[in-house]
Amino acid sequence: MTERDYAPLSGACVRGLCDKLYEKRKFAGVEIEKMVKDFSDANNTNQIKRLIRVLGQDLMSSTNPNVKNGALMGLSSVAVGLGKGSVTYISELTQPIVACLGESEPRVRYAATEALFNVLKIARDAALTQFPLVFDALARLAADPEPQVRQGAELLDRLVKDIATESPALELARVVPLVRERMYTRSAAARQFAVAWVSALDAAPALGLRRHLPDLLDGLFTVLDDPNPEIRRMCDVQLNEFLRSIKKDPSEVDFQAMINILITHAQSTEELLQLTAITWLKEFAELSGAGVLPHASGVLRAALPCLAYTDEPRKKIRETAATVNLQLTKLVAEAEAEGAARLQLDAVVDVLTQLLHHSSVHTKVATLDWILHLYSKLPAEMSERTEHVFVGVVGCLTDAADDVVRRALAVLAEICSCPPAGGTGAAGGTRAAGGTGAAAGDVTTGAPGADSYGEDYCDLENSPYYHKFLNALLRLLAADESLLEDRGAFIIRQLVVLVGAEAVYRGVAGAARAREPRLAARLADVLATLLLTAPELHPLRLRLRAFDDEAAVSLFRTLYLCWAHSPVALLALCLLTHNYAHCADLISTFGDLEITVDFLTEVDKLVQLIESPVFAYLRLELLGGPGSAELRAALFGLLMLLPQSEAFHMLRRRLHCAPHVPHVPAQHAPR
């Protein structure tokens, strides 16, 4: 190009500007600065535009790094010469410089940071029109491989931050998407750059960055999972600062826009990320109250699995999740008066039924407690969803943990006592409080009073789910013999506490009659042993022993039909109810049975029970009185069945201690 082509620059000025020596370029830059001032004073805008075009296009198109550096020096000098007037040409000045920030030559990139610094320092607020372009360049420079370039970029970045945070013209709606985009990159430098910008913008309260927090929150949590510890620390500090400001002034916070983000990250496997998210959820539940209810299903999905943590490093997560769970429980209870209209019950039930299959005992217990809580507080609404819940809860009865089985039985008792969907039912959900308490404690804490047994059974008879539950229970016991062996007694005892002894014994005995004889016999053995030994069945034992009302006789008949599958259990029932003559008749038929080791073992156990406090009244009846002779005949018959074992000698010694009572032959059916 000829000298004429570079006008208004002289050839000497161009040569100096493109020299490899900085001093010559600087001298040429001073000449350009004076030239621009003269043009500006004369209002010669055409020459100024011509000069900027020569520098920004003609010289900048060269592949020679020295020429590019000269062009950058020239553009910087133009800005200095124009002063505040550079605002008019801000686009023409900044765009060529920003383009050089992507050059492969480090010297050019560094010179571009210097030139852009000078231009922006003069333009200040006016440069915000170029903010997206400049911000993108700064983000790339943050990861520049050359330390000198990064150093220059840091100075430039601080200047841009100062301009942005001090200017009332800054539009955060344009800035936030740019910052957010960098949080999702894989570049650690870009992520660090983005967090630093969030921190800078937040440090200027007048900008109102908190209103845009919903747009930034997910990105910040993403950065919190960065493998670089320094970046995680920066992000953690900023998130804590945001949370502090939220707690200070919650009225301006859009909780609804952020809670789903927290729910997602609270399910992370990374400890810091999960703890931070669950901590935010705790604070949101505290600050927004019922505003959390529409998101209850997600909160439960995030919080309840955290209760499974048992290791020390995640103890804080577990404790915080437990607090969130308690907060949500209280919110549902408080919302009951309003009909819990904001609670998405279907979604909550879906999550709870899924969590019933969780591997953790603590999570399953909390899940069952939640289902019980919902039935207690919202019985009508939950009765419409029982079909969805029922199978999963029944499945928990096979769990190896007693606490899970106990809670599952409490839920099933509540289901059976709730009114059917669309009706009021007899039970009316009255067991909620008592059922929960019983399930949470040990079965020996007590049982319903004797007067309530008949009412309990009538109530449950009206439940569409009681017999369905019993049949489901028997199917489980039939499918897994070890379940009946190991847990059968525990399940029956819990049910007695929850719904009443007579209701359980009538229901189970009635359902067992339709089952395979071997299962019915094993159930009869379990029921008989519990009836004679369990503390919570003491009131029922007394009623059957008294045998003085129609309800007791009716119960005896129901049990008799089931326990007929187990001869020894049936004999024990007849001894308990003073049907001694019938006992003798039963024993006389035992000779026709196959006398197995199991049979003799059951007889041995019965003899042990006869010597226990349960049958103290029976032993006293050997002294005389009505039925004494029939009792002696029955016991002697039992003695004859036994081989000469310890049980044989024990019973023989007992009978020898009793005075002789003349036997009056008689045949009696059981009363």
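All values reported here derive from a predicted model rather than from experimental measurement. (Residues numbered from 1 in each chain as written. Predicted model: local features only at pLDDT ≥ 70, side-chain atom pairs only at ≥ 80, totals over all residues. Heavy atoms only, no water.)

Quick notes on the overall build of the protein chain
Across its full length, the protein chain carries 35 helices and 0 strands. By the compact-globule yardstick of 26 Å for 671 residues, the protein chain is too spread out, its C-alpha radius of gyration being 43 Å. Dimensions of the protein chain, computed from the C-alpha atoms along their principal axes, are close to 145 × 50 × 35 Å. Summarising the internal contacts of the protein chain: among those between residues at least 6 apart in sequence, 72% fall at separations of at least 24. Carbon together with sulfur atoms contributes 52% to the accessible area of the protein chain, which is approximately 29200 Å² in total. (Helix = DSSP H or I, 4+ residues; strand = E, 2+ residues; numbered from the N terminus. Rg over C-alpha atoms; globule rule 2.2 N^0.38 Å. Contact = heavy atoms within 4.5 Å. Areas by Shrake-Rupley, 256 points an atom, 1.4 Å probe, with all protein chains shown as cover.)

Section: the pattern of salt bridges
Applying the stated criterion across every chain yields a total of 36 salt bridges. For E241, the salt bridge is made with R244, and the minimal N-O distance between the two is 2.5 Å. Here the residue E241 and the residue R244 both occupy positions in helix α12 (residues 229-248), the gap between them amounting to 3 residues, near one helical turn. Overall, E241 belongs to the partly exposed group, its relative accessible area being 30%. Here D403 makes a salt bridge to R406, at a shortest N to O gap of 2.7 Å. Of this pair, D403 and R406 both sit in helix α21 (residues 402-417), 3 residues apart, which is roughly one turn of the helix. (Salt bridge = Lys/Arg side-chain N within 4 Å of Asp/Glu carboxyl O. Buried < 20%, exposed > 50% of the residue type's maximum accessible area, 1.4 Å probe, protein only.)

Observations concerning the state of the cysteines
Under the criterion given, the structure shown has 0 disulfides. No disulfide involves C583; its sulfur sits 4.8 Å from that of C574, the nearest cysteine. Overall, C583 belongs to the buried group, its relative accessible area being 0%. (Disulfide = S-S within 2.5 Å.)

Let's talk about the packing of aromatic side chains
One pass over the full model with this rule turns up 14 aromatic pairs. With centroids separated by 5.4 Å and ring planes inclined at 45°, the aromatic side chains of F390 and Y465 adopt a geometry described as tilted. With a gap of 75 residues between them, F390 in helix α20 (residues 386-395) and Y465 in the loop between α23 (453-461) and α24 (466-479) connect regions that are remote in the sequence. Looking at F390, the relative accessible area reads 4%, which means it is buried. On the basis of an interplanar angle of 70° and a centroid distance of 6.5 Å, the ring pair of Y505 and W563 is categorised as edge-to-face. Separated by 58 residues along the polypeptide, Y505 in helix α26 (residues 501-512) and W563 in helix α29 (residues 550-563) bring together distant segments of the chain. Grouping residues by exposure puts Y505 and W563 together as buried. Feature note: the residues F131, F135, F193 and W197 constitute an aromatic cluster, connected by ring pairs. The ring of F390 carries K468 above its face, with NZ or CZ at 5.2 Å from the centroid. Its end group placed over the ring of Y617, R545 keeps NZ or CZ at 4.2 Å from the ring centre. (Phe/Tyr/Trp six-rings, centres within 6.5 Å; stacked < 30°, edge-to-face > 60°. Lys NZ or Arg CZ within 6 Å of the ring centre and 35° of its normal.)

What to know about helix α3 (residues 45-59)
Across its 15 residues, α3 extends 20 Å between first and last C-alpha, which sits within 8% of the 21 Å expected from 1.5 Å per residue. A maximum bend of about 25° is found in α3 at R53. Of all the residues in α3, the buried ones are I48, L51, I52, V54, L55, G56 and L59. Check the buried side of α3 and you find it contacts α1 (11-17), α2 (22-41), α4 (65-82) and α5 (90-100). (Expected span 1.5 Å × (residues − 1). Bend = angle between axes of the 7 residues up to and from the residue.)

Here's the deal with the environment of E602
Secondary-structure assignment places E602 in helix α32 (residues 597-610). We classify E602 as partly exposed; its relative accessible area is 23%. Remark: the alpha-carbon pair of E602 and E270, spanning 332 residues in sequence, is separated by 57 Å. Those residues within four positions of E602 in sequence are excluded, and the remaining contacts are D525 and V568.

Some points on the side chain of T353
Tracing the backbone shows T353 in helix α17 (residues 345-355). Apart from residues lying up to four places away in sequence, T353 is in contact with H388 and V389.

Examining the side chain of S167
The residue S167 is located in the loop between α8 (147-166) and α9 (172-183) in this model. A residue is classified by how much of its surface remains accessible, and S167, at 2% relative accessible area, is buried. Separated by 3.0 Å, the side chain of S167 and the backbone nitrogen of A169 make a polar contact. If near-sequence neighbours (up to four positions away) are discounted, S167 is found in contact with D125, L128 and L207. (Polar contact = N/O pair within 3.5 Å; in protein donor to acceptor, adjacent residues only side chain to side chain.)

Some words on α12
It helps to recall that an α-helix has 3.6 residues per turn; residues three or four apart then point in one direction. Between its terminal C-alpha atoms α12 stretches 28 Å, which fits the 28 Å expected from 20 residues at 1.5 Å a residue. Regarding α12, the residues found buried are I231, M234, C235, Q238, L239, F242, L243, S245 and I246. Looking at the buried residues of α12, the elements they touch are α10 (188-202), α11 (213-223), α13 (255-265) and α14 (271-288).

So, the confidence of the model for the protein chain
Across the protein chain, the average pLDDT comes to 88, with 91% of residues at or above 70. For the stretch residues 423-454, pLDDT sits under 50, and the model shows 60 contacts to residues farther than four places along the chain or on other chains. (pLDDT = per-residue confidence, 0-100.)

Side note on the UniProt feature "domain: Vacuolar protein 14 C-terminal Fig4-binding" (unreviewed entry) in the protein chain
As annotated by UniProt and renumbered to match this structure, "domain: Vacuolar protein 14 C-terminal Fig4-binding" (unreviewed entry) occupies residues 482-657. Secondary structure across residues 482-657 divides into 78% helix and 0% strand, with the first and last C-alpha atoms of the span separated by 42 Å. (UniProt positions renumbered as here; feature names shortened; annotations may be inferred.)

Considerations on the environment of N325
Its place among the elements puts N325 in helix α16 (residues 315-335). For the pair N325 and L307, spaced 18 residues apart in sequence, the C-alpha separation works out to 9.5 Å. With sequence-adjacent residues up to four places away left out, N325 is seen in contact with L300, L304, A366 and W370.

Let's talk about the environment of R174
If you trace the backbone, R174 turns up in helix α9. The class of R174 is partly exposed, set by a relative accessible area of 42%. Between the alpha carbons of R174 and F131 there is a distance of 9.0 Å; along the sequence they are 43 residues apart. Not counting residues within four places of it along the chain, the set of residues in contact with R174 comprises L128, T129 and P132.

A few points about the packing of α5 against helix α6 (residues 106-123)
Where α5 meets α6, the axes come as close as 8 Å, and the angle between the chain directions of the two elements is 155°. By the criterion of interaxial angle, the relationship of α5 to α6 is roughly antiparallel. Of the two possible hands of crossing, α5 and α6 adopt the one that is left-handed. Here I90, L93, T94, I97, V98 and C100 of α5 lie close against α6, whose contacting residues are V108, R109, A112, A115, L116, V119, L120 and A123. In terms of residue class, the contact of α5 with α6 is made up of 12 nonpolar, 1 polar and 1 charged. (Axes fitted to C-alpha atoms, helices over the stretch in contact; angles between N-to-C directions. Parallel < 35°, antiparallel > 145°, perpendicular 65-115°, else oblique. Left-handed = near helix turned anticlockwise from the far one by under 90°. Nonpolar A, V, L, I, M, F, W, Y, C, P; charged D, E, K, R; others polar.)

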